[in-house]
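Overview (structure and organization)
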Amino acid sequence: MALALKRRSVRRLGAGLLAAIAASLALPVAAETLALVGGVLIDGTGGPPVRGATVLIEDERILAVGKRAQVTVPEHATIIDASGKTIMPGLADMHVHLLGGWDGISVDMLGYQRYLNSLLYAGVTTVFDTGNVMPYIIQMRNEIAAGRLLGPRIYSVGALVDGPDPVWPPIAFALSSSAQIPAIVEQLANAGVDAIKAYQGLSVPQLQSLIAEGQKHDLPVIVDFWGRTGSYDVAATGPHAFAHMPPRHLSDEELALIVEKGIHFQTTLAVKESFAFRRLDDLSFLNIPLIKETSPPAFLDQLREYAQAPKDRDRLQRRLDNFAIGMASVPRLHKAGVMLVAGTDAPYPGVMPGESLHRELELLVEAGMSPLEAIRTATLNAAVLMGDEDEWGTIAPGQRADLLLVDGRPDRNISHTRNIELVIQRGTVIDREALALDPETDPGFLPGTAVDSGAF
C-alpha cells in the first residue's frame, strides 16, 4: 500500500527524514512527483558519472534527467536532497531460485517474504528466477506485478526442462523423448513464463529442438549444461544465454562461435566462490548489515556449522580450479564482446539473496572489469537479456523508476553499492527499516526437504 503525499509548496527532504516518515507509518512513501537533486548520477549504461544531477520521477516513471539547471522541478514536487550521494538504477540479480533456505538444496517456501524483503533491502529491484515450482513462482511474480505483494520484479523460467532423470525432480520436466517437447513448451507458454531453461540431462539434438520450439512461442532458451557449458556443439544450437560461466577455458573456435551467435553469459561467480569455500574461510562477512539484518539467526548458525565441517580436499581443489577459470573467463569474454549479465545462483552457503549480488559485482571487478562495467551487468545488460531495455535498466526519461540512493562513489569503489540509503521502486520510496528481519516477529520457519535427487 502506498501513501500519497499532499501537494504543497516545494518540500526538501533528506533521505534519512523521508525514510523516518515511512518507518513511522510502516508504509512505503509515494508521491506523484519526486525529485532527487544534487547527486552523482550513474545511469547504468557504463557511461561516465554526472555530477550535480537531478532525476525527476512522476507516476512510476522517470520524467527527466540532467544537470540541475537542465531539469525544471515543479513546485509541488517532493525533493530528496542527494548531495554527496550517488543516484543509480535499481540492481538486478539475473540468476536466483526463490525457493528459500540457505544451502541451495533444502527449501523454505513458507518464508518467501523473508527473501523478497532481503532483495529489496539490498537494492535488488529485479530478479530472474531460473528454476522453481512453476505455479508457485508464477503466482508470486503476478502478485508482485499487481502490487498486492511487496518484492522485486520477477522474471521466471518456471520449471526446468531436464533429461529422464532430473537432478531437481520437484522443479523439472523429465524429458525422455523429443516428441515431448511441443507439449512441454506449450505448457510453459500457457503458464506465462519469460524464458525456458534447458538442463544438463538433455542431449544436443534435444536442445536444438527445444530452442526451435521455444522460438514459436517467443521464448528464449537459457542453458545450464554443467561441464558442457560453452562447448562448440552446444553453442552451435544458438541458445540465448548460458546460465553460468564456463567450467573450463574455451577454445578460440568456441569463443568465436559464441560471439557470432550472440550468446550471453550469466556470471554466477558468487556461487563458484561458495563451492570453493573461498569466502567461507572467514565468517566475519556474516556481520555485514545486508546479511545480518535480513537473515534468520538459525540459518546463520547452520551456515557456520557447514563452513566448519571437514572437507574433501580433492573435491575442494577442483572447485577452486573451477572458480579460477570463471574469474579468468570474465576479461576474456568481455574483451571479445560477449555480454555478461550479473547473477548469483542464490541461495547457496554464503550466497544470500540480495547481499550476494553486491559480492558478485565485487568479484567481477576483482576479475578485471571496471566498476562501471560491473554495474552495467546488473542494470542495462540485465534488461537486454530479457528484451526489456526500453522499460528498465537505466536512468533515462520514460524508464520505470527503480532507483537507489547510495552513500559513496560506486564508480570508484564497487563496494559502495552496499551503502544503500534509499530504495525507490516504481516511483515509490520503500521503507527499508520495515524490510529488516525481526527475530521476535519472524515465524521461524526452518528449511524443509531437499529438491535435488542426490546427484548434485
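Conventions used here
- Residue positions within a chain follow its written sequence, with the count starting from 1.
- Restriction of local features to residues with pLDDT of at least 70 applies here, the model being predicted, together with a cutoff of 80 or more for giving and counting side-chain atom pairs; totals for whole chains, interfaces and linings are based on all residues.
- Calculation of side-chain values draws on the structure's entire complement of heavy atoms; hydrogens and water are dropped beforehand.
- Orientation is described by lines fitted to C-alpha atoms, with helices fitted over the stretch in contact, and by angles between N-to-C directions that extend from 0 to 180 degrees.
- Only DSSP runs of H or I covering at least 4 residues are called helices, and only runs of E covering at least 2 are called strands; the numbering of each starts at the N terminus.
- Should an angle lie under 35 degrees it is considered roughly parallel, over 145 roughly antiparallel, and from 65 to 115 roughly perpendicular; all remaining angles are considered oblique.
- Helix crossings fall into two classes, left-handed where the near helix is turned counterclockwise from the far one by less than a right angle and right-handed where it is turned clockwise.
- In this description, contact between two residues means that some pair of their heavy atoms is separated by no more than 4.5 Å.
- The nonpolar class holds Ala, Val, Leu, Ile, Met, Phe, Trp, Tyr, Cys and Pro. Asp, Glu, Lys and Arg form the charged class, and all remaining residues, Gly among them, are polar.
- Two rings from Phe, Tyr or Trp (for Trp, the six-membered ring) form a pair when their centres sit within 6.5 Å of each other. Planes less than 30 degrees apart are called stacked, planes more than 60 degrees apart edge-to-face, and all others tilted.
- For every residue, the accessible area (1.4 Å probe, protein chains only) is compared with the maximum for its type, and the residue is labelled buried under 20%, exposed over 50%, or partly exposed between those bounds.
- When the NZ atom of lysine or the CZ atom of arginine is within 6 Å of a ring's centre and also within 35 degrees of its normal, the charge is said to sit over that ring.
- What we call a nonpolar core is a set of buried Ala, Val, Leu, Ile, Met, Phe, Trp, Tyr and Cys residues that are connected through their side-chain atoms within 4.5 Å.
- Known as pLDDT, the predictor's confidence for each residue is given on a scale from 0 to 100.

1. Brief notes about the packing of helix α7 (residues 252-261) against helix α11 (residues 313-336)
Packing of α7 against α11 leaves a shortest axis separation of 10 Å and a crossing angle of 50°. When the axis of α7 is compared with that of α11, the two are oblique. Two packed elements cross with a definite hand, and for α7 against α11 that hand is right-handed. Side by side, α7 and α11 meet where Asp-252, Leu-255 and Val-259 of the first sit next to Arg-332, Leu-333 and Ala-336 of the second. By residue class, the composition of the contact of α7 with α11 is 4 nonpolar, no polar and 2 charged.

2. Here we look at the packing of aromatic side chains
For the structure shown, the criterion picks out 6 aromatic pairs. Between Tyr-199 and Trp-226, the aromatic rings sit 6.1 Å apart at their centres with planes inclined by 85°, giving edge-to-face as the arrangement. Placement of the pair is Tyr-199 in strand β14 (residues 196-199) and Trp-226 in the loop between β15 (221-224) and α6 (232-235), with a sequence separation of 27 residues. Tyr-199 sits in the buried class, given a relative accessible area of 4%. In textbook terms, an aromatic cluster arises when at least three aromatic residues are bridged by ring pairs, as seen for Trp-102, Phe-277 and Tyr-306. The aromatic ring of Phe-299 is capped on one face by Arg-114, whose charged end is 5.3 Å from the ring centroid. Here the basic side chain of Arg-319 rests over the ring of Phe-275, its NZ or CZ set 4.5 Å away from the ring centre.

3. Comments concerning the packing of α11 against helix α12 (residues 355-367)
Between α11 and α12, the least distance of the axes is 8 Å, while the angle of their chain directions is 70°. As the angle between them shows, α11 and α12 are arranged roughly perpendicular. From α11, Phe-323, Met-327, Val-330 and Pro-331 reach across to α12, where they touch Leu-363, Leu-364, Glu-366 and Ala-367. Along the lines of polarity and charge, the residues of the contact of α11 with α12 split into 7 nonpolar, no polar and 1 charged.

4. Notes on the nonpolar core
Core analysis: the biggest nonpolar cluster contains 92 residues, and Leu-98, Met-140, Val-161 and Phe-265 have the highest contact counts within it. For this core, the element with the highest residue contribution is helix α3 (residues 134-146), accounting for 6 residues. Setting aside its immediate chain neighbours within four residues, Met-140 contacts Leu-98, Tyr-112, Leu-116, Leu-149 and Ile-154. Ala-53, Ile-80, Ile-87 and Ala-401 belong to the second largest nonpolar core, which has 17 residues in total.

5. Some thoughts on the confidence of the model for the chain
Low pLDDT marks regions whose predicted coordinates should not be analysed in detail. With 93% of its residues at a pLDDT of at least 70, the chain reaches an overall mean of 93. Confidence over residues 1-30 falls short of pLDDT 50; this stretch has 55 contacts with residues more than four positions distant or in other chains.

6. Comments concerning unusual backbone geometry
The linkage connecting Ala-346 with the following residue, Pro-347, adopts the cis geometry, with an omega of 5°. The phi torsion at Asp-59 lies on the positive side, around 50°, for a residue other than glycine. Here Asp-59 shows up in the loop between β5 (50-58) and β6 (61-67). Here the phi dihedral of Thr-268 falls at roughly 45°; this positive angle occurs in a residue that is not glycine. Within the fold, Thr-268 resides in the loop between β17 (264-266) and α8 (269-275). Here Thr-268 falls in the buried class, since its relative accessible area comes to 0%.

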